[in-house]
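Coordinates in review
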Amino acid sequence: MERLLSDIEYNYNHIKERIAEAAVKSGRKPEDITFLSATKTVEPEYINYAISLGLDHIGENRVQELLSKYDEYNLENCSLQFIGHLQSNKVRQIVGKVDLIQSVDSLKLAKEVSRVSQNKNLTTDILVEVNIGKEENKSGVMPEMLEELLYQIKDLPSINIKGLMTIPPICDDNNKIRSFFSDMNKMLLDISSKKLDNVSMDILSMGMSGDYYEAILEGANMVRIGSALFGKRIYK
């Protein structure tokens, strides 16, 4: 137990240093980058320990897991977000519990988030997920359909579109992975320049444990890091 906590502390500090280095290289400040930890399969005691170190954003991939751990999270100074594939019939279970839903990729899902949020008399922040690699087995709107989707959902009540999210293809080629991230940044900047109502494009969420450094270099201001922080050894 003590060894695991020590590892988490070491990893946390190392990741923060790497984020700061990449931020400066990309012409920004370390505090411009949000370090969100993906906490899938991580037990609440380890999540809360990371929060005690200063981690202030966590993200869950599965609705049932989020609900099962919800009462044990120490969320006083930490934002809880949903970062996984979301089915429309589970929207009502997380709206009001999470600060941001990162994986909205269809009009149907956006309408359900809007409807449930309206019924609960609150507003839900969302990101639109883009399938930047155009992979058949992966969720996310195709890049060429992104603008159309934004126009379809921007006027829905009780939601705010805050930016974009992506999970690029697994790739060993550093130049190729950076090109996916660069393409995402170009899309975000292009949409931002159009100044659409209710579309702020404040957040570009991309980069995970193996490629967050490259993602920051190409414009990410939120990275989603799991195993590099908690390590596979403590996963169920």
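Preceding this paragraph is the structure being described.
Residues numbered from 1 in each chain as written. Predicted model: local features only at pLDDT ≥ 70, side-chain atom pairs only at ≥ 80, totals over all residues. Heavy atoms only, no water.

The tally for this structure, following the rule as stated, stands at eleven salt bridges. Salt-bridge contacts for Glu 135 lead to Lys 138; the nearest nitrogen and oxygen are separated by 2.8 Å. Classification of Glu 135 by relative accessible area gives partly exposed; the value is 21%. Note that Asp 190 and Lys 194 form a salt bridge whose closest N and O atoms lie 3.8 Å from each other. The exposure class of Asp 190 is partly exposed, given its relative accessible area of 38%. When its relative accessible area of 34% is taken as the criterion, Lys 194 is described as partly exposed. Through salt bridges with shared partners, one network takes in Glu 60, Arg 62, Glu 65 and Lys 69. (Salt bridge = Lys/Arg side-chain N within 4 Å of Asp/Glu carboxyl O. Buried < 20%, exposed > 50% of the residue type's maximum accessible area, 1.4 Å probe, protein only.)

With that settled, the discussion passes to the side chain of Glu 65. Its place among the elements puts Glu 65 in helix 3 (residues 63–69). Assessed through its relative accessible area of 13%, Glu 65 is described here as buried. Among all residues touching Glu 65, those that are not within four sequence positions of it are Thr 39, Lys 40, Thr 41, Val 42, Glu 60 and Tyr 73. (Helix = DSSP H or I, 4+ residues; strand = E, 2+ residues; numbered from the N terminus. Contact = heavy atoms within 4.5 Å.)

Before going further, it helps to spend a moment on the nonpolar core. With 68 residues, the main nonpolar core has Ile 19, Ile 101, Val 128, Leu 146, Leu 164 and Leu 229 as its most contacted residues. For Leu 164, the residues in contact, after removing those within four places along its chain, are Leu 127, Val 128, Val 130, Leu 146, Met 184, Met 187, Leu 188, Ile 191, Met 201, Ile 203, Leu 204 and Ser 205. The next biggest cluster of nonpolar side chains, apart from the first, holds eight residues, and it includes Ala 38, Ile 83, Met 165 and Ile 203. (Core = buried A, V, L, I, M, F, W, Y, C linked by side-chain atoms within 4.5 Å.)

Further remarks concern helix 2 (residues 44–53). Residues separated by three or four positions in an α-helix point in the same direction, a consequence of the helix having 3.6 residues per turn. Of all the positions in helix 2, only Pro 44, Tyr 46, Ile 47, Asn 48, Ala 50 and Ile 51 are classed as buried. Where helix 2 is buried, its residues touch helix 1 (2–25), strand 2 (57–60), helix 3 and helix 9 (227–230). Once helix 2 finishes, Gly 54 follows within two positions and takes phi at roughly 130°, a positive value.

Let us look at helix 1. Across its 24 residues, helix 1 extends 35 Å between first and last C-alpha, which sits within 8% of the 34 Å expected from 1.5 Å per residue. At the C-terminal side of helix 1, Gly 27 shows a positive phi close to 85°. (Expected span 1.5 Å × (residues − 1).)

Inspection of the secondary structure assignment puts Asp 211 in the loop between strand 7 (199–205) and helix 8 (212–217). No salt bridge is formed by the buried Asp 211; its nearest oppositely charged neighbour, Arg 224, is found at 7.4 Å. Of note is the side chain of Asp 211, whose polar atom sits 2.7 Å from the backbone nitrogen of Met 208. Filtering out sequence-adjacent residues up to four positions away, Asp 211 remains in contact with Pro 168, Ile 177 and Phe 181. (Lys, Arg positive; Asp, Glu negative; His and termini not counted. Polar contact = N/O pair within 3.5 Å; in protein donor to acceptor, adjacent residues only side chain to side chain.)

Here Ile 170 shows up in the loop between strand 6 (159–166) and helix 7 (174–193). C-alpha of Ile 170 to C-alpha of Ile 83: the two residues are 87 residues apart in sequence and 18 Å apart in space.

These figures come from the coordinates and say nothing about function on their own.
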